[in-house]
Amino acid sequence: MSDIKLRFAPSPTGYLHIGGLRTALYNYLFAKKNGGKFVLRIEDTDRTRYVEGAIENLIESLEWAGISHDEGVVVKDGKLTEVGDCGPYIQSERLDIYKKYVDQLIEEGHAYYCFCSKERLDNLREEQRIKGKVPKYDGLCRGIPLEEAKKRVAAGEDYVVRLKLPKNKDITFNDAVRGKVTINTDEIDDQVLMKSDGFPTYHMAVIVDDHLMGITHIVRGEEWLPSTPKHVYLYECLGWEAPEFVHLPTVLNKDRKKLSKRQGDVSVEDFKKRGYLPEGIVNYLALVGWSPEDGEEIMSLDELVEKFSFDRVGKSGGIFDTDKLNWVN
Ligand code: GLU
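Draft legend 1. A look at the site of the ligand. In the vicinity of the ligand, the residues found are R7, A9, P10, S11, E43, Y202, V206, R220 and W224. Here a nitrogen atom of the ligand sits 3.1 Å away from a polar atom, N or O, in the side chain of S11. Between the ligand and R220, the relevant distance is 3.0 Å, taken from an oxygen atom to a side-chain nitrogen or oxygen of the residue. For the ligand, whose free accessible area comes to 300 Å², the fraction covered by protein is 82%. According to the grid-proximity analysis, the pocket containing the ligand is the largest pocket. Across the shell around the ligand, the residue classes tally to 5 nonpolar, 1 polar and 3 charged.

Draft legend 2. Seen up close, helix α2 (residues 54-65). If you check α2, its first and last C-alpha atoms are 17 Å apart, about what 12 residues at 1.5 Å a residue would give, namely 16 Å. Most of α2 sits inside the fold, with 9 of its 12 residues counted as buried. G66 sits one or two residues past α2 and shows a positive phi near 85°.

Draft legend 3. Spotlight on the sheet that holds strand β9 (residues 192-194). Judged by pairing direction, the sheet is antiparallel, and its 3 strands sit side by side in the order β5-β6-β9 without closing on themselves. Taken across any chain shown, the strands that pair with only one partner, and hence form the sheet edges, are β5 (111-114) and β9. If you compare each strand with its neighbour and ignore which way they point, the axes differ by 45° on average. Note: strand β6 (residues 160-163) against β9, 2 bridges, orientation antiparallel. Bridge assignment links R162 to a residue of β9, and that residue is V192.

Draft legend 4. Spatial organisation of the side chain of R41. Relative to the helices and strands, R41 is located in the loop between β2 (37-40) and α2. Of note is the side chain of R41, whose polar atom sits 2.9 Å from the side chain of D210. Those residues within four positions of R41 in sequence are excluded, and the remaining contacts are R7, F8, A9, P10, Y89, Q91, V206, D209, D210 and M213.

Draft legend 5. Representation of the pairing of strand β3 (residues 71-76) within the structure. Across 2 bridges, β2 lies against β3 in parallel orientation. Considered in β3, the bridge of L40 is made with G72. What sits between the antiparallel neighbours β3 and strand β4 (residues 79-83) is a turn of 2 residues, in which D77 has the positive phi angle 50°.

Draft legend 6. Quick look at the layout of surface pockets. Its volume calculated, the largest pocket comes out at about 1,200 Å³. Forming the walls of the largest pocket are 39 residues, and the residues nearest its centre are P10, S11, R49, E223 and W224. Mapped onto the lining of the largest pocket, the elements with two or more residues apiece are β1 (5-8), α1 (18-33), α6 (202-212) and β10 (217-221). In terms of residue count, the dominant contributor to the lining of the largest pocket is α1 (5 residues). Looking at the lining of the largest pocket residue by residue, the classes come out as 15 nonpolar, 14 polar and 10 charged.

Draft legend 7. Quick look at empty space enclosed by the protein. Scanning all chains against the criterion turns up 1 cavity of 30 Å³ or more. Counted as a void, the largest cavity has a volume near 40 Å³. Taken together, N57, E60, S61, W64, V268, E269 and K272 form the lining of the largest cavity. The set of elements that each furnish at least two residues to the lining of the largest cavity consists of α2 and α8 (268-273). Broken down by element, the residue count for the lining of the largest cavity peaks at 4 residues, all from α2.

Draft legend 8. Main features of the nonpolar core. With 101 residues, the main nonpolar core has L21, I281 and F320 as its most contacted residues. Among the elements that take part in this core, α1 stands out by supplying 9 residues, more than any other.

Cut-offs used in this document
Residues numbered from 1 in each chain as written. Predicted model: local features only at pLDDT ≥ 70, side-chain atom pairs only at ≥ 80, totals over all residues. Heavy atoms only, no water. Near = heavy atom within 4 Å. Polar contact = N/O pair within 3.5 Å; in protein donor to acceptor, adjacent residues only side chain to side chain. Areas by Shrake-Rupley, 256 points an atom, 1.4 Å probe, with all protein chains shown as cover. 1 Å grid on protein atoms, 1.4 Å probe; cavity = no way out; pocket = protein on both sides within 12 Å on 5 of 7 lines; lining within 4 Å. Sits in = over half its atoms within 2 Å of the grid points. Nonpolar A, V, L, I, M, F, W, Y, C, P; charged D, E, K, R; others polar. Helix = DSSP H or I, 4+ residues; strand = E, 2+ residues; numbered from the N terminus. Expected span 1.5 Å × (residues − 1). Buried < 20%, exposed > 50% of the residue type's maximum accessible area, 1.4 Å probe, protein only. Pairing = 2+ DSSP bridges. Axes fitted to C-alpha atoms, helices over the stretch in contact; angles between N-to-C directions. Contact = heavy atoms within 4.5 Å. Points joined across faces, edges and corners; volume = space filled by probe spheres on them. Core = buried A, V, L, I, M, F, W, Y, C linked by side-chain atoms within 4.5 Å.

Rendered as structure tokens:
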């Protein structure tokens, strides 16, 4: 395989979760195993969740773990800067790029302006909830002729841009862990692609960036699996080839619940403060959801690179077991 490129794309909303470190690690292992590149991109389009200092903290945690990237955002002399030819690598610095593709989707009839007020959408959602239905946009603005919509935009009306999903179309893609996945568009919402503040949503930004940055494999948590059909459809609309998808099982605690802050330490920083060795954490995390063919349990980063493959990643959640971590450490 050539020109393999993977990315870790965290949002700067706080600390690096230990599950996020595992995602970064699996991306890194596959990239290195295949002589490819590993990119760090910052996904900061949700301005309401932005935390000051979070980018530096993410980079520091990755460095501590020994997971280094070839491209993207780095800290040099205490300042944030970037390396690589596909920048900017911080999404809030790429707004004009997203706008270009959103405009293209509108012109080609794959997206539309939506003028529905928050109040209308809240009422709609409430009605649907009472009827026991899954909340979904009802498509009111789908039929507004483009010329009319443009006039309303020019007149200063508030709007978002939504994806115009075709009715009753099966979207199929392959996932390296799940196999063939098919979802019908009737089960999916007309996703907002561009918000009223001019920022793209995650869904729009992620496909534009993964394409323009030449990402070949998308390795991320399985909470993104339901969003993938929208992404696959967007690739199709833009005439781009979709990358390979690899959705990782969620990191769970011993009760099979999502590992969360409420049950104790979940940030990489917490583990570092408690004196865990980076080698121990990385070794153990690799085993949460994956195992090598030879059953070996104690491995260096180089050995992990050598042995790693997606076909040995399990479908069910990876259990984070502190006793086992302590033993490995
Ligand atoms: N920004 C997303 C997150 O923090 C990344 C999802 C993806 O890798 O596509 O989970």
